[in-house]
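Below are the chains, spelled out letter by letter.
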Amino acid sequence: MLELFNAAPHGRGGVVAKDMTSVSLTETAAPPADWRDFLALTKPRVMTLVVFTGLCGLLTAPVSIHPVLGFTAILCIALGAGAAAALNMWYEADLDALMKRTRSRPLPAGRMDRETALHFGVGLGVFSVLLMGVATNWFAAGVLAASILFYVLVYTVWLKRRTPQNIVIGGAAGAFPPVIGWAAATGDVTLLPLLLFTLIFLWTPPHFWALSLYVRSDYAAAGVPMLPVVSGAKVTRQQIALYTLPMAAAAVAPWPLGLAGAIYGSAAAGLSFVFLLLSLQVLANRATEPARMKPEKRLFAFSILYLFAIFGALVLDRWLA
Amino acid sequence: MTPDQEPEDQLRARQKGRALVMALALGAFVILLFAISIAKMTVNQ
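Every chain is numbered on its own, with residues counted from 1 as its sequence reads. Following the order in which they are written, the chains are lettered starting with A and the ligands numbered starting with 1. Under the rules for a predicted model, residues below a pLDDT of 70 receive no local features and side-chain atom pairs below 80 are neither given nor counted, while totals for whole chains, interfaces and linings still include all residues. Water and hydrogen atoms play no part in the side-chain values, which are based on all heavy atoms of the structure.

Trainee: Help me out: how do you make sense of the overall build of chain A in this one?
Mentor: A count of helices and strands for chain A gives 13 helices and 0 strands. For helices the rule is a DSSP run of H or I covering at least 4 residues; for strands it is a run of E covering at least 2, with both sets numbered from the N terminus onward. Reading the helices (α) and strands (β) of chain A from amino to carboxyl end gives α-α-α-α-α-α-α-α-α-α-α-α-α. For 321 residues, the compact-globule estimate of 2.2 N^0.38 gives 20 Å, and chain A sits close to it at 20 Å. Dimensions of chain A, computed from the C-alpha atoms along their principal axes, are close to 60 × 50 × 25 Å. Two residues qualify as a contact provided that any one of their heavy atoms is within 4.5 Å of a heavy atom in the partner residue. The long-range share in chain A, meaning contacts at least 24 apart out of those at least 6 apart in sequence, stands at 67%. Computed with the Shrake-Rupley method and a 1.4 Å probe, the accessible areas treat only the protein chains shown as cover for residues. In the form shown here, chain A has an accessible surface area of approximately 13400 Å², with 69% of it arising from carbon and sulfur atoms. Charged residues are defined here as Lys and Arg on the positive side and Asp and Glu on the negative side; His and the ends of the chain fall outside this count. The atoms used to mark charge sites are NZ of Lys, CZ of Arg, CG of Asp and CD of Glu. Side chains of chain A carry 23 positive and 15 negative charges; the gap between the two charge centres is 9 Å. Two things to know: the radius of gyration comes from C-alpha atoms, and the globule rule equals 2.2 Å times the number of residues to the power 0.38.

Below you can see the structure in the form of structure tokens.
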């Protein structure tokens, strides 16, 4: 019986897993959480990539936006991402308590009660959408609301615990920021932001599966059906290599379609080539112990740099054109 | 200091920190709303 009980050392609300078959939560009234714990709920490190891709979407749009309104749009994207992360942590407090990587988060560590996290997430989400609508346009606000709901309802609640395809479909949530940035500036969505959406959507599986290969035991302990847990390392490595091909095509596509210039095209081609080489190294690796998974760790690290560099190249290309 | 005083002090410090952050956030929000109003008027002119 998996029972989640108040594990906090000083009687504060929290959750810890005892065993693996069912879940119940017992909470005690917790004293007010520290403001740093609210900040931690928003997953600030993940937010940097969200903010950067959103900013690039805004800067590559063919119309200029007033700097104050542009700043507000990016702030709203960041707050919306923070709200989605807080609601994710609220829903997954039981899973987080089971994984080494996440057990020190505010909820499983007992530094905050779940109700506070829920109120914070809902409040921040509603605030970000309303502010986006008032400052820019209601289409961008609608896309922002859809991205928060997609991450929370489709990925966190529906897919994550049910299917190894969780991050394939759920990856769409992380692909919204450039579309929102573009929509904030223009009020609509055209082919280029849709290609940027497709790029992040196809980038997410190799990015996450590279990580999940070497933290497989964590996911297995928590009962999360990530691909390496369900289908094994070999199939996961094949899938990583397979997803890299359409991802590279989506990355380079804006160049031949005339939506970006040679600066972006050569950067996208070069970076995608390196990504492909690293994914082939992962495919060739047969290791099962995390200590011998250097190609996987290298691919995961490079995948973050890849997205930063490719979006940076797009903005540079637009500015120099 | 008695053993009961220490958690109470920690609690007060945490409440003070939260109040300060909330005050700063509200102040920033007021300034942001003012800036958005000015920006919207500038864009619409």
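Trainee: Would you explain the pattern of salt bridges in this entry?
Mentor: A side chain of one charge can pair with a side chain of the opposite charge if their charged atoms are brought near each other. All names here are of chain A. The salt bridge definition used is simple: a Lys or Arg side-chain nitrogen within 4 Å of an Asp or Glu carboxyl oxygen. Overall, the coordinates contain 8 salt bridges over all chains when judged by the stated rule. Between Arg-111 and Asp-37 there is a salt bridge; the shortest N-O distance is 2.8 Å. Taken together, the residues Arg-111 in the loop between helix H4 (93-98) and helix H5 (114-135) and Asp-37 in helix H1 (residues 35-41) connect sequence positions 74 residues apart. Between buried and exposed lies partly exposed: a residue is buried under 20% and exposed over 50% of the maximum accessible area for its type, with that area taken using a 1.4 Å probe on protein chains only. The buried category is assigned to Asp-37, whose relative accessible area is 8%. In this structure, the salt-bridge partner of Glu-296 is Arg-237, at a minimum N-O distance of 2.8 Å. On the criterion of sequence distance, the pair formed by Glu-296 in helix H13 (residues 294-320) and Arg-237 in helix H11 (residues 227-252) is long-range, its members being 59 residues apart.

Trainee: In this structure, what is going on with the interface of chain A and chain B? I would like to understand it.
Mentor: How large an interface is tends to be reported as the accessible area lost when its parts come together. Between chain A and chain B, the residue contacts involve 18 residues of the former and 14 residues of the latter. Note on chain A versus chain B: buried area summed over both sides is about 1300 Å², and carbon and sulfur give 77% of it. If you sort the residues of chain A by the area they bury against chain B, Pro32(A), Trp35(A) and His66(A) come out on top, with a joint share of 35%. Any N or O atom pair separated by 3.5 Å or less is treated as a polar contact, with the protein-specific requirement of one donor-capable and one acceptor-capable atom, and with residues adjacent in sequence counted only for side-chain atom pairs. If you look at where chain A meets chain B, you find 4 residue pairs in polar contact (both at pLDDT 80 or more). Mapped onto the side of chain A that touches chain B, the elements with two or more residues apiece are H1, helix H3 (67-91) and H5 of chain A. Here the side of chain A that touches chain B takes 5 residues from H3(A), the largest share from any one element. Each residue gets one of three labels, nonpolar for Ala, Val, Leu, Ile, Met, Phe, Trp, Tyr, Cys and Pro, charged for Asp, Glu, Lys and Arg, and polar for the others, Gly among them. The class makeup of the residues in the side of chain A that touches chain B is 13 nonpolar, 3 polar and 2 charged. Joining two parts hides part of their accessible area as seen by a 1.4 Å probe, and the buried area is that hidden amount summed over both.

Trainee: Can you help me understand helix H8 (residues 177-186) of chain A in this one?
Mentor: Given 3.6 residues to a turn, an α-helix orients residues that are three or four positions apart in the same direction. Residue and element names in this part refer to chain A. In terms of burial, H8 is a largely internal element, 9 of the 10 residues being buried. Along H8, the residues that are buried comprise Pro-177, Pro-178, Val-179, Ile-180, Gly-181, Trp-182, Ala-183, Ala-184 and Ala-185. Directly after H8, the chain includes Gly-187, whose backbone phi takes a positive value near 85°.

Trainee: Can you help me understand the packing of helix H12 (residues 262-284) of chain A against H13(A) in this one?
Mentor: Geometrically, a packed helix pair is captured by the angle between its two axes and the distance between the axes. The N-to-C vectors of H12(A) and H13(A) enclose an angle of 175°; their axes lie 9 Å apart at closest approach. Between H12(A) and H13(A), the angle is such that the two are roughly antiparallel. For helices, the axis comes from a line fit to the C-alpha atoms of the stretch in contact; other axes are also lines fit to C-alpha atoms, and the angle between any two N-to-C directions lies between 0 and 180 degrees. Under this scheme an angle from 65 to 115 degrees is roughly perpendicular, one under 35 degrees roughly parallel, and one over 145 degrees roughly antiparallel; angles in between are oblique.

Trainee: Would you take a moment to explain the packing of H8(A) against helix H9 (residues 191-214) of chain A for this structure?
Mentor: Residues and elements named next belong to chain A. Running from N to C, H8 and H9 cross one another at 160°; their axes reach a closest spacing of 8 Å. The orientation of H8 relative to H9 falls into the category roughly antiparallel. As for the relative orientation of H8 and H9, their crossing is right-handed in sense. Every residue of H9 that contacts H8 at Pro-178, Val-179 and Trp-182 is listed here: Leu-192, Pro-193, Leu-196, Phe-197 and Ile-200. By residue class, the composition of the contact of H8 with H9 is 8 nonpolar, no polar and no charged. Crossing chirality is assigned from the near helix's rotation relative to the far helix, an anticlockwise turn below a right angle marking it left-handed and a clockwise turn marking it right-handed.

Trainee: What am I meant to see in a nonpolar patch on the surface here?
Mentor: Residue and element names in this part refer to chain A. The grouping of Val-122, Val-126, Leu-130, Val-134 and Trp-138 at the surface amounts to a nonpolar patch, some 480 Å² of accessible area in total. Residue contributions to the nonpolar patch peak at 4 residues, all from H5. Relative to the helices and strands, Trp-138 is located in helix H6 (residues 138-159). Residue classification places Trp-138 among the exposed positions, given a relative accessible area of 52%. Like-charged residues within 9 Å of one another, or nonpolar side chains (Val, Leu, Ile, Met, Phe, Trp, Tyr) within 5 Å, are grouped into patches, provided each residue has over 30% relative accessible area and no salt bridge.

Trainee: Even after reading the chapter, I still don't get the nonpolar core, so can you show me in this structure?
Mentor: If you look at soluble globular proteins, the nonpolar side chains tend to sit buried side by side. Residues and elements named next belong to chain A. Put simply, a nonpolar core is a bunch of buried Ala, Val, Leu, Ile, Met, Phe, Trp, Tyr and Cys residues held in one set by side-chain atoms that sit within 4.5 Å of each other. Core analysis: the largest hydrophobic core is formed by 49 residues, its most contacted members being Leu-199, Trp-203, Tyr-264, Tyr-306, Leu-307, Ile-310 and Phe-311. Elements supplying a minimum of two residues to this core: helix H2 (44-60), H4, helix H7 (166-175), H9, helix H10 (216-222), H11, H12 and H13. Apart from residues no more than four positions distant in its own chain, Trp-203 is found in contact with Leu-49, Met-247, Phe-275, Ser-303, Ile-304, Tyr-306 and Leu-307. Counting 32 residues, the second largest nonpolar core, distinct from the first, contains Val-50, Met-132, Val-154 and Ala-172.

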